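Report on the structure
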Amino acid sequence: MRLLSTKATCNSHGQDSSYFLGWQEYEKNPYDEILNPKGIIQMGLAENQLSFDLLESWLAKNPDVSGFKRDGKSIFRELALFQDYHGLSSFKKVMVDFMAEIRGNKVTFDPDHMVLTAGSTSANETLMFCLAEQGDAFLLPTPYYPGFDRDLKWRTGVEIVPIHCSSANNFKITEAALQQAYHEAEKLNLNVKGILVTNPSNPLGTTLSLEELNLLVDFVNGHKNMHLISDEIYSGTVFNSPGFVSVMEVLNNRFSDRDQAIWDRVHVVYSLSKDLGLPGFRVGCIYSENDTVVAAATKMSSFGLVSSQTQYLLSVMLADKKFTRNYLVENQKRLKRRQKMLVSGLMRTGIKCLESNAGLFCWVDMRHLLKSNTFEAEMELWMRIVYDVKLNISPGSSCHCSEPGWFRVCFANMSEETLKLAMKRLKSFVVELSSSSDTDNGENKAHSKRNSLTKWVFRLSSRDHRHRDQEER
Amino acid sequence: MLSRKANKDSHGQDSSYFEGWQEYEKNPYHPIQNPLGIIQMGLAENQLSFDLLEYWLRRNSNTMALLKKDAVSAFRELALFQDYHGLPAFKDALVKFMTRMRGNKTKYSSDKLVLTAGATAANEILMFCLADPGHAFIVPTPYYPGFDRDLKWRTGVEIVPMHCSSSNGFRITREALEEAYELGQELNLKIKGVLVTNPSNPLGTTMTKTELIHLLDFAIDKNIHIVSDEIYSATVFDSSSSPTTTSFISIMEAVKERNNNNIRERVHMVYSLSKDLGVPGFRVGMIYSNNEIVVAAATKMSSFALVSSQTQFLLSNLLSDAKFTEKYMEENQRRLKRRREMLVRGLRNAGIGCLRSNAGLFCWVDMRHLLKSDSFEAEKELWKRILCEVGLNISAGSSCHCSQPGWFRICFANISEDTLQLAMQRMKAFTNSIVFSSANNHTIYNM
């Protein structure tokens, strides 16, 4: 009998993927303007660091909140004892208001249908536990956030079957791709319990079109017992047209009768980690009109409650409507500016991006820099960018992209100067790349680099192989 | 349409434990607004020492404002801090606190600690790490009703109860352990380990050295794990004067004395600040293990239950104040002891005895003599009467899987002194009325 569980000893937490490996390399040699100017610049972390000053100034103007005081009186005791998994009602009330505001108030939410969780990581896993059995599957459009391999599958035993999206149509979800994924699941003898999309998309940085949303809703509606989960954690980061349309808005417009079955099968996940830039505070939520899901998820949230101290702080902050309105607008302005900076910087280097209107990153096209149209070549390029150019970016393969050569590059987690430096480094690299392919010296250099890289690449891709085997089981 | 987990009642929340809670919510006692309401004595919370914490907070307001010692704001840093390895300063403060609090008999280290959002998350994570679905853990009865949800619900792990009896003060015996193991085999369940709560909930007693020896011998013999949930470890209030020389022996201390490296890899401890500091709302729990693989896996799993960085910061500062925490522990234990004595006296006055306890926030109360018959139906009936007629929400032993009817858990640290006294008055009136209305010649005063 084995000492530990299968879960503890397998690698389906997904953390052997390059996404996490790049992170590790960065940790060993992190860039610092003064202390380590030649270090690796972290561009693989989708964090929003652009608007802390707005939060800090609010906190400075409202010192009582952190001091556990309400109307001058200490409520420390009340908060210290508050572990009700229904959550602080004053906090849920402002959360639904905030979510509605982000959606232009075209949708309203009922706080009683919200379940608070310690981050959206917990929310997504909890939904899997509620909607699927071990061995069931969820369809996810590729490319997708690498963390889903752990969050959706690890402890739940649920499988992910990819819906392959292609650059040919800007990675939009098509009916054909959806059908193909569904049939793929059938071939693997997996019961498809639903579809999970991220809207706006990570890593694409684009909002789902109305067409795609209708396609998804129709597909789910047309299959018995199928669910649709819309992870909308980037909804507040939309900085350009065509604007954000939540799946809830589509439901509102198409299914006015709340008794229709579809209402029970669409669920939204949200979090304050990306919009407010507070991943450390662990504030996520599930929103569902399905009472059974809300009831079960509420009980499950016992395993990941939000600290009452944090609930209280944010309940007051988000109640300040003047502040939230101003924050959303200003934050989006800054994101837009920063994205432009990255896009134009890449453009000057001859590198194009997928046109994006949201998120904290760009989906970058480096196919023309690949030695061959293969994932090995992508890995080789990625390693050079991490080790030689010293930029930690995320290779498309770690996001399960079906085409090699795409990379996710983050822009909101560093200063403007650092971003400019990153662009400079990249430019020198690309220039060197194009010139070194001509000279003999360059060839030797590239050859020896290739040798040392091949071992590494081999190790990585064999690990991925094992990973795939596990999925197919 | 939904998973079995979402539909079934295996979250265990249909037991009387939660039913009583619900009744209380409908009609909660309040000295002015609802003096005839139900008094909550089913919640194991420590409300006795908030004034001490509030005192510290007032003198350290910078911490609450997320300012570091040099008055520089830690806000940005904390807002971004989601590293599942936890805030180093907090883990440091925690291990130092634990080392001090347990009499400096064992040195705890940060790299063996995994932070989780409460002990609820810690226990579930350990199950995910140590057992596969269909495996089982032996748990001595009576045990905390929440375990039925925490250990089993989403993990698919089973609990095999190990029945403890009042005949020997509900102590763990080697025979009982073996019996439980055999029961597991009969049920075709692979036993992966034993989970104990020390000090015990609901008994309020610390495990003796003998019990710990039995437990270790058993785990070594069967090659299984031990999980020791020690969330009540700082509520030990026995007669020794110093809070650091109590009769509490941690599993980590007990295993140290075994020069057996294999068993060391199979012993894991759970702790939390919910009971000792009385801050369950802040969700601060942890797993402590010598097993590197368990620590590594549990750390990754903690992604699903991280502690808010804002809270880690606040508490790391509080716990680092060694002078304060020592005073706090001393005073807190003094108050717990006093409060427990009040409950024991009040019950005795009503002709009711308790199991002799030296820890916890509750007493394990013997009401067998008040049962109409020696059955769980009679226990349920008595429980309902106490809830609805007497207006006290106490926990029935059956909800804790006790194998003998008639025992109840009564909490004493979550209400004011006045409320406790009122509860005792109501109890006395109730038992008096039973004496008068009972045709039985049973001796009522059974201590």
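Residues numbered from 1 in each chain as written. Chains lettered and ligands numbered in written order. Predicted model: local features only at pLDDT ≥ 70, side-chain atom pairs only at ≥ 80, totals over all residues. Heavy atoms only, no water.

The subject of this paragraph is the overall build of chain B. Per the secondary structure count, chain B includes 17 helices and 13 strands. Taking 22 Å as the expected radius of gyration for a compact globule of 447 residues, we find that chain B reaches 22 Å, a close match to that expectation. With the principal axes as the frame, chain B shows a C-alpha extent of 70 × 55 × 55 Å. When burial is assessed residue by residue, chain B has 64% of its 447 residues classed as buried. The contacts in chain B between residues at least 6 apart in sequence include a share of 75% that link residues at least 24 apart. Taken together, the 51 basic and 47 acidic charged side chains of chain B have centroids lying 4 Å from each other. (Helix = DSSP H or I, 4+ residues; strand = E, 2+ residues; numbered from the N terminus. Rg over C-alpha atoms; globule rule 2.2 N^0.38 Å. Buried < 20%, exposed > 50% of the residue type's maximum accessible area, 1.4 Å probe, protein only. Contact = heavy atoms within 4.5 Å. Lys, Arg positive; Asp, Glu negative; His and termini not counted. Charge placed at Lys NZ, Arg CZ, Asp CG, Glu CD.)

In the UniProt entry, the feature "domain: Aminotransferase class I/classII large" (unreviewed entry) is given for residues 41-426 of chain A. Annotated as residues 41-426 of chain A, this span is 41% helix and 15% strand, and its ends, taken at the C-alpha atoms, are 11 Å apart. (UniProt positions renumbered as here; feature names shortened; annotations may be inferred.)

Facing 72 residues of chain A, the contacting portion of chain B comprises 69 residues. Note on chain A versus chain B: buried area summed over both sides is about 6,400 Å², and carbon and sulfur give 61% of it. Here chain A and chain B share two salt bridges between them. Of the charged contacts, one joins Glu 133 of chain A and Arg 4 of chain B as a salt bridge, the two residues approaching to 3.6 Å between their closest N and O atoms. Linking chain A with chain B are 25 residue pairs in polar contact (both at pLDDT 80 or more), by the criterion used here. At the level of secondary structure, the elements contributing two or more residues to the side of chain A that touches chain B comprise helix H1 (6-9), helix H3 (52-61), helix H5 (76-81), helix H7 (119-131), helix H8 (148-151), helix H12 (291-300) and helix H13 (308-319) of chain A. The dominant element in the side of chain A that touches chain B, judged by the number of residues it contributes, is H7 of chain A, at seven residues. When the residues that make up the side of chain A that touches chain B are grouped by side-chain class, the tally is 30 nonpolar, 26 polar and 16 charged. (Buried area = accessible area lost by both parts, 1.4 Å probe. Salt bridge = Lys/Arg side-chain N within 4 Å of Asp/Glu carboxyl O. Polar contact = N/O pair within 3.5 Å; in protein donor to acceptor, adjacent residues only side chain to side chain. Nonpolar A, V, L, I, M, F, W, Y, C, P; charged D, E, K, R; others polar.)

Another aspect to go through is the nonpolar core. Residues Phe 91, Ile 195 and Leu 272 of chain A together with Leu 273 and Leu 277 of chain B are the most contacted members of the largest nonpolar core, which totals 161 residues. Among all residues touching Leu 277 of chain B, those that are not within four sequence positions of it are Leu 53, Leu 315, Leu 318, Leu 319, Tyr 328 and Met 329 of chain B. Counting 149 residues, the second-largest nonpolar core is a separate cluster that includes Met 414 of chain A together with Ala 298, Leu 347 and Ile 386 of chain B. (Core = buried A, V, L, I, M, F, W, Y, C linked by side-chain atoms within 4.5 Å.)

Bringing the packing of H3 of chain A against helix H14 (residues 321-348) of chain A into the picture now. Residue and element names in this part refer to chain A. Put simply, H3 and H14 touch, their axes get as near as 10 Å, and they point 160° apart. As the angle between them shows, H3 and H14 are arranged roughly antiparallel. Here H3 and H14 pass one another in a crossing that is right-handed. Where H3 abuts H14, its residues Asp 53, Leu 54, Leu 55 and Trp 58 lie against Phe 323, Tyr 327, Glu 330 and Arg 334. Grouping the constituent residues of the contact of H3 with H14 by class yields five nonpolar, no polar and three charged. (Axes fitted to C-alpha atoms, helices over the stretch in contact; angles between N-to-C directions. Parallel < 35°, antiparallel > 145°, perpendicular 65-115°, else oblique. Left-handed = near helix turned anticlockwise from the far one by under 90°.)

This model, assessed by the stated rule, comprises 45 salt bridges over all chains. Between Arg 155 of chain A and Glu 125 of chain A there is a salt bridge whose closest N-O contact spans 2.7 Å. Of the two residues, Arg 155 of chain A is situated in the loop between H8 and strand S6 (159-163) and Glu 125 of chain A in helix H7; the sequence distance between them amounts to 30 residues. A salt bridge links Glu 178 of chain B to Arg 174 of chain B, with the nearest nitrogen and oxygen atoms 3.1 Å apart. With Glu 178 of chain B and Arg 174 of chain B both in helix H9 (residues 174-186) and four residues apart, this pair spans about one turn of that helix.

Residue and element names in this part refer to chain B. If you trace the seven strands from one edge of the open sheet to the other, you get S2-S8-S7-S6-S5-S3-S4, paired in mixed fashion. Only two strands of the sheet have a single partner each, and these edge strands are strand S2 (113-116) and strand S4 (158-163). When strand polarity is set aside, the average angle formed by the axes of neighbouring strands in this sheet is 25°. Relative to strand S8 (residues 285-289), S2 is paired through four bridges, and the arrangement is antiparallel. Across the sheet, Leu 113 pairs through a bridge with Tyr 288, a residue of S8. (Pairing = 2+ DSSP bridges.)

Applying the stated criterion to the full structure yields 27 aromatic pairs over all chains. Taken together, a centroid distance of 5.9 Å and an interplanar angle of 90° make the contact between Phe 52 of chain A and Phe 75 of chain B edge-to-face. On the criterion of chain membership, the pair formed by Phe 52 of chain A in helix H3 and Phe 75 of chain B in helix H5 (residues 75-80) is interchain, its members lying in two chains. By relative accessible area, which is 2% here, Phe 75 of chain B ends up buried. On the numbers, 5.2 Å between centres and 80° between planes, the contact of Tyr 232 of chain B with Phe 362 of chain B is edge-to-face. Residue Tyr 232 of chain B is found in the loop between strand S6 (225-229) and helix H11 (251-256), and its partner Phe 362 of chain B is found in strand S10 (residues 362-366); the two are separated by 130 residues along the sequence. By way of ring pairs, the aromatic residues Phe 68 and Phe 76 of chain A together with Phe 50 and Phe 282 of chain B are connected into one cluster. Sitting above the plane of the Phe 304 of chain B ring, Arg 150 of chain A keeps its charged end 6.0 Å from the centroid. (Phe/Tyr/Trp six-rings, centres within 6.5 Å; stacked < 30°, edge-to-face > 60°. Lys NZ or Arg CZ within 6 Å of the ring centre and 35° of its normal.)

Our focus in this paragraph is helix H11 (residues 247-254) of chain A. Residue and element names in this part refer to chain A. Those residues of H11 that sit buried are Val 247, Met 248, Glu 249, Val 250 and Leu 251. Lining the buried residues of H11 we find helix H10 (210-222), strand S8 (227-231), strand S9 (266-271) and strand S10 (284-288). Capping the start of H11 is the job of one residue whose side-chain oxygen sits 3.1 Å from the backbone nitrogen of Met 248: Ser 246.

A negative phi angle is the norm for most residues apart from glycine, just as the trans form is the norm for most peptide bonds. Residue and element names in this part refer to chain B. Look at the link from Asn 198 to Pro 199: it is a cis peptide, with omega at 0°. By secondary structure assignment, the location of Pro 199 is in the loop between strand S5 (190-197) and helix H10 (209-222). With an omega of 15°, the peptide bond running from Asn 201 to Pro 202 counts as cis. By the secondary structure assignment, Pro 202 is in the loop between S5 and H10. Of note, Phe 170 is a non-glycine position whose phi angle comes to about 60°, a positive value. A positive phi angle, close to 60°, is found at His 401, a residue other than glycine. Locating His 401 in the fold gives a position in the loop between strand S12 (395-396) and strand S13 (407-411).

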